[in-house]
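Below, each chain spelled out in residue letters.
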Amino acid sequence: MGTRLGELVERFGGQLMGDANLEVTGIAPLTDAGVSHISFLSNSKLRAQALQTAAAALIVSPADDEFIAAGYSGARIVTPNPYVYFAKAAQYFYSLTAIVPPAGVHPTAFIGEGAQIAATAHIGPKVVVEAGAVIGEHAVIDAGCYIGREAVIGEGTHFFANVTFHAYCQIGARGIIHSGAVIGTDGFGFANEKGVYIKIPQTGRVMIGDDVDIGANTTVDRGALADTVIEDGVKLDNLIQIAHNCHIGAHTAMAGCVGMAGSTTVGKYCTFGGAAMINGHITIADHVNVGPSTMIPRSLTEPGTYIGYYPMSRPAEWEKSAVIVRNLAAMRDKVRALEKTIKTLTNQEEK
Amino acid sequence: MGTRLGELVERFGGQLMGDANLEVTGIAPLTDAGVSHISFLSNSKLRAQALQTAAAALIVSPADDEFIAAGYSGARIVTPNPYVYFAKAAQYFYSLTAIVPPAGVHPTAFIGEGAQIAATAHIGPKVVVEAGAVIGEHAVIDAGCYIGREAVIGEGTHFFANVTFHAYCQIGARGIIHSGAVIGTDGFGFANEKGVYIKIPQTGRVMIGDDVDIGANTTVDRGALADTVIEDGVKLDNLIQIAHNCHIGAHTAMAGCVGMAGSTTVGKYCTFGGAAMINGHITIADHVNVGPSTMIPRSLTEPGTYIGYYPMSRPAEWEKSAVIVRNLAAMRDKVRALEKTIKTLTNQEEK
Amino acid sequence: MGTRLGELVERFGGQLMGDANLEVTGIAPLTDAGVSHISFLSNSKLRAQALQTAAAALIVSPADDEFIAAGYSGARIVTPNPYVYFAKAAQYFYSLTAIVPPAGVHPTAFIGEGAQIAATAHIGPKVVVEAGAVIGEHAVIDAGCYIGREAVIGEGTHFFANVTFHAYCQIGARGIIHSGAVIGTDGFGFANEKGVYIKIPQTGRVMIGDDVDIGANTTVDRGALADTVIEDGVKLDNLIQIAHNCHIGAHTAMAGCVGMAGSTTVGKYCTFGGAAMINGHITIADHVNVGPSTMIPRSLTEPGTYIGYYPMSRPAEWEKSAVIVRNLAAMRDKVRALEKTIKTLTNQEEK
């Protein structure tokens, strides 16, 4: 099962140099591609490697095309961003063989009163949909998922097996929630009376836009009073914690194990490396990039990159440096004292 | 649906200045409250804002009451801790509209032999209760939960959907376990024979007191031989890892992503910021507060606050500082050499 | 229920000094053991304590045996590694009383078309096994697990309740996957077109060897094109994230909360402390040991230990040191300036 190069160009654009009727059966990296594949050159440093590929066709950028054309005899699709073209083509090849879950509710699912399930939606085995929930057209809810009361799932959104999506929360169209994710759990809100915690009811929702992906075992708390908000196009990896009343701007991406404390607003088009930690009650500007294992304690008003983690060493070196780090103020004071003494000495010299 | 101010004062105390028959429909922050709401002033810095609130009534502290009384025409409830009062009132308002799950076992649940389920308990769809488990009065076990063999769930405790609570573990009264949490998984215990790990059976339990909340996707390991213990009133946020044989003292709270290695004892009334990490086989005193992203490598015998994470910077600055941090011993040696040289120079000067 | 000392020695070796027909009912640490127990001395520092144990028998090393023999009247099993012997004996005692789940498919499970389930396997309540999956002899799949299409589960492997194991992934024999773990979720792979993320289909698998343990709520992503691989004997604790296309060498162990970014290869016999973070696209040699809370940014070609986390302090000290850490380049420049000035001064002195 495959497709014609002409079909790809009709769907995803690009300038075809070669036979539109050439069939390709899949897409693969330069070194893995076989003679029935199309491949792609997304990094100009791999130009020489590209000439060696067995692939029947190559996706190349205009900048690389002259070089490739001179040494490669297969077909070419010229497009400004070959990696994006690869992603789109890969999705298309994937769709040709993907097993589409059948429309309808599996007999072992439990559907609460008044839940509205679109005719084209798939509800898998052992799913529980509570009363009044709304599930859109072509949504796919895999086995064992829990959809809370009056929750709303948009068109074409896919929940993998064993997602928990709590009452009144909403997600838009074309989203993906991976297994074990928990959306809409109570935020961590308490008043403290003489040492004893008193729970503050968490009555807000989680409101998720379109085209949002949420990773496996990631948790997103519902708001305390107002809502927790995740805007369109946000991508969250696995094992991320988003606390109550956070707001994540559109097209921001967070890698695995990130934590975000409560009532923080992150801008649009930001990226967060793995295990980055974000303090509560702060605001991060648009287009901020945070490195891995970095703690962001305060608001960031300027776009750009921020990073800070302790450099690893061998234990003996680390132990030495860690002791000094703890007492850096003492070293600074010594340097200051030295500067003063030397100033005195120098003055004496000059006299 | 709402309540009279008099009803609130009867339930939660405080001195009412105003009409006991005034009806309020809910509680909201100063700026969000409408004319049918009661609001609260828990931070004296917001006094001026409080005078602008639309709320029909205000909860205030004795210290703020004179100021508020002078400028605010609504009713007042005077109480030492308005934030605690807010929490209690919010719980009460929440209870007025909350949908109480019906008593009884859902027909799609599976109940093992000899399990004892109180008549007033709710067992939701697709729940599995293994043989010999005991579930107390008014407990609520939502859809998809798994209760292991001979586990014990106390009165009024609430498991949200998809909790896993393993065999022989126990939780007391009025607890909450959020979705995806796993209680009583095997601890990470192995002997090593020539590089190969040999599992040590984990035969202890997890014993949880009353009024304990455990967050979504948090994991608590059962003890190896003795039990893992969580005392009354402990509050654990999401995605926390508690290893085998840990003991957490009463009314301690941990924010999201905290990790606690095995056989560690944490005292009472402690707090841990997000992603704090606690070493194994140590003891933390009562009333210790640990900052976010802070690693605690050794026992802490003194109450108070401890913190330590690398300060974020711009990449160029961080790279410079990280290189120096790794070689701080070299800088210290240079400073020492300078001190020595200067001492010699100064002595020569003095001669 | 117990066993004879002779039975232990027949099963696990060691030289028995005492009555082979002596019955012991269990194994316990030195101080906990009662008169019907066997105990073990795995740390020579506890020799004196061993003499005080109530245990009827002791497992000791050849190095400790002379000392113990002189002062302890019970039976002894002499073996090179008493802790390993303890683990094996504990497993055996555990097996004597463990409740073995019955072979067969629970009536509330759902089994997809063409799934092959061995006659001796146990499939618990509410389990979902998708079409074409293969489950080996004596495998135990506890309640609520999800086994994806054409997944393969090896002989004697045990999934605790509520594991999610996705389509086409494989695990070998004698493995354990703990509750809430998600194996084979999509990797976090996107192309970016003008700020908008475009998903790259993740079509690789997760391939897991024999004797692998995976902790509760741990997530392992499937490969993008090639597979994510976990070799024999690997032990992963709870809440670990393994990204797509990682490769973990045999007999490597990772403690809780570790994160591993994509396309990284970790060698054999490595250990990672809790919350260690491993960068993507790097290679870690065999026999590397990483400390807790340590970020590994680059490949490690040498075996040995690596560590680096910020030392905790009291807040006032940390704030001072953190400010200086951020500006260490300034301090270094001052020290250099001092060195230069002093060199000049010293030269003048010498003239």
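Along each chain, numbering runs from 1 in the same order as the chain's sequence is written. The lettering of chains begins at A and the numbering of ligands begins at 1, in the order of writing. Where totals are concerned, whole chains, interfaces and linings use all residues; where local detail is concerned, this predicted model gives features only for residues with pLDDT of at least 70, and gives and counts side-chain atom pairs only at 80 or more.

Colleague: Would you take a moment to explain the overall build of chain A for this structure?
Modeller: Helix numbering and strand numbering both begin at the N terminus, where a helix is a DSSP run of H or I of at least 4 residues and a strand a DSSP run of E of at least 2. Within chain A, the regular secondary structure consists of six helices and 39 strands. Each radius of gyration reported is based on C-alpha atoms, and the globular scaling rule is 2.2 Å times the count of residues to the power 0.38. Here the C-alpha atoms of chain A give a radius of gyration of 27 Å, more than 25% beyond the 20 Å that 2.2 N^0.38 yields for 351 residues. On the principal axes, the C-alpha backbone points of chain A span a range of 90 × 70 × 35 Å. Our exposure labels follow a C-beta count within 10 Å of each residue's own C-beta, placed from the backbone: buried means 20 or more other C-beta atoms, exposed means 12 or fewer, and partly exposed covers the counts in between. Of all 351 residues assigned to chain A, the portion counted as buried reaches 55%. Taking as baseline every contact in chain A between residues at least 6 positions apart, the subset at least 24 positions apart corresponds to 20%. The contact criterion used is a C-beta to C-beta distance within 7 Å, with each C-beta placed from the backbone.

Colleague: What is the right way to look at the nonpolar core in this model?
Modeller: One broad rule of soluble globular proteins: the nonpolar side chains tend to lie buried together. Of all hydrophobic cores here, the largest spans 252 residues; its most connected members are Ile147(A), Ile147(B) and Ile147(C). Those residues in contact with Ile147(C) that sit more than four places away from it in its chain are Val128(C), Val129(C), Glu130(C), Ala133(C), Ile141(C), Ile153(C) and Phe165(C). The next biggest cluster of nonpolar side chains, apart from the first, holds 31 residues, and it includes Ala33(A), Val60(A), Phe86(A) and Ala89(A). Note on definitions: a nonpolar core is a set of buried residues drawn from Ala, Val, Leu, Ile, Met, Phe, Trp, Tyr and Cys, linked by C-beta atoms within 7 Å.

Colleague: How should helix H4 (residues 82–97) of chain A be read in this particular structure?
Modeller: Because each turn of an α-helix spans 3.6 residues, side chains separated by three or four positions end up pointing in the same direction. Between its first and last C-alpha atoms H4(A) spans 23 Å; for 16 residues at 1.5 Å apiece the expected length is 22 Å, and the two agree. Buried within H4(A) we find Pro82(A), Tyr83(A), Val84(A), Tyr85(A), Phe86(A), Ala87(A), Lys88(A), Ala89(A), Ala90(A) and Phe93(A). The span expected for a helix works out to 1.5 Å for each residue beyond the first.

Colleague: Explain the confidence of the model for chain A to me, please; I cannot follow it from the model alone.
Modeller: Low-confidence regions, as indicated by low pLDDT, have predicted coordinates that should not be scrutinised in detail. You can read pLDDT as the predictor saying how much it trusts each residue, on a scale of 0 to 100. Residues of chain A with pLDDT of at least 70 account for 99%, and the chain-wide mean is 96. Interface confidence for the predicted complex, given as ipTM, is 0.96, next to a pTM of 0.97.

Colleague: Got a minute to help me understand the interface of chain C and chain A in this structure?
Modeller: By convention, interface size is frequently given as the accessible area that disappears when the constituent parts associate. Facing the 58 residues of chain C at the interface are 62 residues of chain A. The set of elements that each furnish at least two residues to the side of chain C that touches chain A consists of strand E21 (182–185), strand E22 (190–193), strand E23 (196–199), strand E38 (295–296), strand E39 (304–306), helix H5 (315–326) and helix H6 (328–350) of chain C. A total of eight residues in the side of chain C that touches chain A trace back to one element, the largest contributor, which is H6(C).

Colleague: Would you take a moment to explain the relation of the copies chain C and chain A for this structure?
Modeller: Note that the two copies of the chain are related through a rotation about an axis and a translation along the same axis. The copies are overlaid by a least-squares fit using only the C-alpha atoms of residues whose pLDDT is at least 70 in both copies. In the superposition of chain C on chain A (RMSD 0.0 Å, axial shift 0.0 Å), the rotation amounts to 120°. Such a turn and shift between the copies fits a three-fold axis. Using C-alpha coordinates, one finds that chain C approaches the rotation axis most closely at Tyr310(C), a distance of 3.4 Å.

Colleague: Hey, could you run me through the sheet that holds strand E18 (residues 164–165) of chain A in this one?
Modeller: Pairing between sheet strands relies on hydrogen bonds along the backbone, with the strands arranged either parallel or antiparallel. Residues and elements named next belong to chain A. A strand pair is defined by DSSP finding two or more bridges across the two strands. Spatially, ten strands are ordered E9-E12-E15-E18-E21-E26-E29-E32-E35-E38 in an open sheet, and the strand pairing comes out parallel. Pairing within the sheet leaves two strands with one partner each, and these edge strands are strand E9 (110–111) and strand E38 (295–296). Judged from the two bridges that link them, E9 and strand E12 (residues 128–129) form a sheet pairing that is parallel. Bridge pairing in E12 places Ile111 opposite Val129.

Colleague: Can you walk me through the packing of helix H1 (residues 5–12) of chain B against helix H4 (residues 82–97) of chain B in this structure?
Modeller: When two helices pack together, you describe them by how their axes are tilted relative to each other and by the distance separating the axes. All names here are of chain B. The interhelical angle for the contact between H1 and H4, taken along N-to-C directions, is 115°, at an axis separation of 11 Å. Regarding H1 and H4, the two cross each other, and that crossing is right-handed. Side by side, H1 and H4 meet where Leu8, Arg11 and Phe12 of the first sit next to Tyr85, Lys88, Ala89 and Tyr92 of the second. Axis geometry follows a simple rule: fit a line to the C-alpha atoms, using only the stretch in contact for helices, then measure angles between N-to-C directions, giving values from 0 to 180 degrees. In this scheme, a crossing is called left-handed if the near helix is turned counterclockwise away from the far one by less than a right angle; it is called right-handed if the turn is clockwise.

Colleague: Hey, could you run me through the pairing of E22(C) in this one?
Modeller: Residue and element names in this part refer to chain C. In the sheet, E22 pairs with E23 via four bridges, with the strands oriented antiparallel. Its bridge partner being in E23, Asn192 is matched across the sheet by Tyr197. In sequence, E22 turns back onto E23 through a hairpin of two residues, with Lys194 there showing a positive phi of about 50°.

Colleague: Hey, could you run me through the interface of chain B and chain A in this one?
Modeller: Counting from both sides, the interface comprises 62 residues of chain B and, opposite them, 58 residues of chain A. Elements supplying a minimum of two residues to the side of chain B that touches chain A: H4, helix H5 (315–326) and helix H6 (328–350) of chain B. Per-element accounting of the side of chain B that touches chain A gives the leading share, ten residues, to H6(B). Taken together, the residues that form the side of chain B that touches chain A break down as 34 nonpolar, 18 polar and ten charged. The classification used treats Ala, Val, Leu, Ile, Met, Phe, Trp, Tyr, Cys and Pro as nonpolar, Asp, Glu, Lys and Arg as charged, and all other residues, Gly among them, as polar.

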